[in-house]
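# Descriptive structure summary
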Amino acid sequence: MQKLKIPVTLDPVKAAQKRSSYDGIVPLSSLTRLTESLLDQQADVAVKVQCATDQQGLAVLQGTASCQVSVSCERCGEPMTLALNCSFAYTPVKGDDSAALELIPERYDVIVRNEHGEINLRQLVEDELILALPLFPMHDEADCALSQAAMSFGDIGPEPEKPNPFAILQELKKK
């Protein structure tokens with residue numbers, strides 16, 4: 001099966017009414033905020049999105065995104081491959097509809113539609129992948145090029161004993 005590119009923007013209400021489903025790719029090079037943290041930008045992100053209407057009548061976008069990325073290990077500085085997998089469930093709202101926010105179940109995240117009633121699907125996928133990135137990517141300690149001994153910076157000797165600052169008060173109390 002040939003993988004097609006996922007559309008950049010999408011009208012979630014119309015897509016939910018049609019029960020649209022998208023299975024395709026997003027080029028990693030088009031996700032500029034994500035690629036700032038990566039070493040290699042040649043991969044593709046596999047994306048699956050299903051649009052439907054739930055029991056409350058809310059338009060819902062559910063999907064998954066996954067890819068293999070190359071990042072720098074924060075411990076040893078060597079490149080490492082990392083699998084990013086995320087799943088998401090969104091319901092769209094108009095930007096000024098605060099009353100509808102109270103009716104949305106907690107299992108859905110909220111996404112604001114633009115003035116044309118559309119959402120930026122690539123930006124949504126990019127946000128989810130950025131959240132899936134670890135804060136400090138590191139190899140397992142057994143696989144890391146930096147040994148445990150190299151991470152030790154010497155022994156810390158016992159702290160020299162300091163005079164008690166309250167010793168003067170102790171002497172005044174004795175008088």
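This text goes with the structure placed above it.
Residues numbered from 1 in each chain as written. Predicted model: local features only at pLDDT ≥ 70, side-chain atom pairs only at ≥ 80, totals over all residues. Heavy atoms only, no water.

## Remarks on the side chain of Ser20
Inclusion rule: Strands here mean DSSP runs of E at least two residues long; helices mean DSSP runs of H or I at least four residues long; both are numbered from the N terminus. Note on classification: 1.4 Å probe, protein chains only; a residue is buried when its accessible area is under 20% of the maximum for its type, exposed when over 50%, partly exposed between these limits. We call two residues in contact whenever any of their non-hydrogen atoms come within 4.5 Å of each other.
Here Ser20 shows up in the loop between helix H1 (12–17) and strand E3 (21–27). For Ser20, a relative accessible area of 16% translates into the label buried. In this view, Ser20 contacts Ala15, Val49, Gln50 and Cys51; residues no more than four positions away in its chain are not counted.

## Brief notes about the environment of Arg33
To be explicit about the condition: Two N or O atoms form a polar contact when they lie within 3.5 Å of each other; inside protein one atom must be a possible hydrogen donor and the other a possible acceptor, and for residues adjacent in sequence the pair counts only when both atoms belong to side chains.
Locating Arg33 in the fold gives a position in helix H2 (residues 32–35). Overall, Arg33 belongs to the partly exposed group, its relative accessible area being 37%. For Arg33, the contacting residues outside a window of four places in its chain are Gln123, Glu126, Asp127 and Ile130. One polar contact links Arg33 to Asp127, side chain to side chain, over a distance of 2.5 Å.

## Observations concerning the packing of aromatic side chains
For any pair of aromatic rings, geometry is given as the distance between the ring centres together with the angle between the planes. To keep things clear, this is the line we draw: For Phe, Tyr and Trp, rings pair up if their centres lie within 6.5 Å, where Trp contributes its six-membered ring, and each pair is then called stacked (planes under 30 degrees apart), edge-to-face (over 60) or tilted (otherwise).
Evaluated as defined, the whole model comprises one aromatic pair. Plain terms: the ring middles of Phe88 and Tyr90 are 6.0 Å apart, the flat faces sit at 50° to each other, and that makes the pair tilted. Taking relative accessible area as the criterion, Phe88 reaches 6% and is therefore assigned buried.

## What about the nonpolar core?
Rules: Definition used in this section: a nonpolar core is a set of buried Ala, Val, Leu, Ile, Met, Phe, Trp, Tyr and Cys residues joined via side-chain atoms within 4.5 Å.
Counting 33 residues, the largest nonpolar core has Val45, Val47, Val69 and Leu129 as its most contacted members. Secondary structure elements with two or more residues in this core: strand E4 (44–53), strand E5 (59–72), strand E6 (79–93) and helix H4 (121–132). For this core, the element with the highest residue contribution is E6, accounting for six residues. The residues contacting Leu129, other than those within four sequence positions of it, are Leu31, Leu34, Val45, Ala65, Cys67, Leu84 and Cys86.

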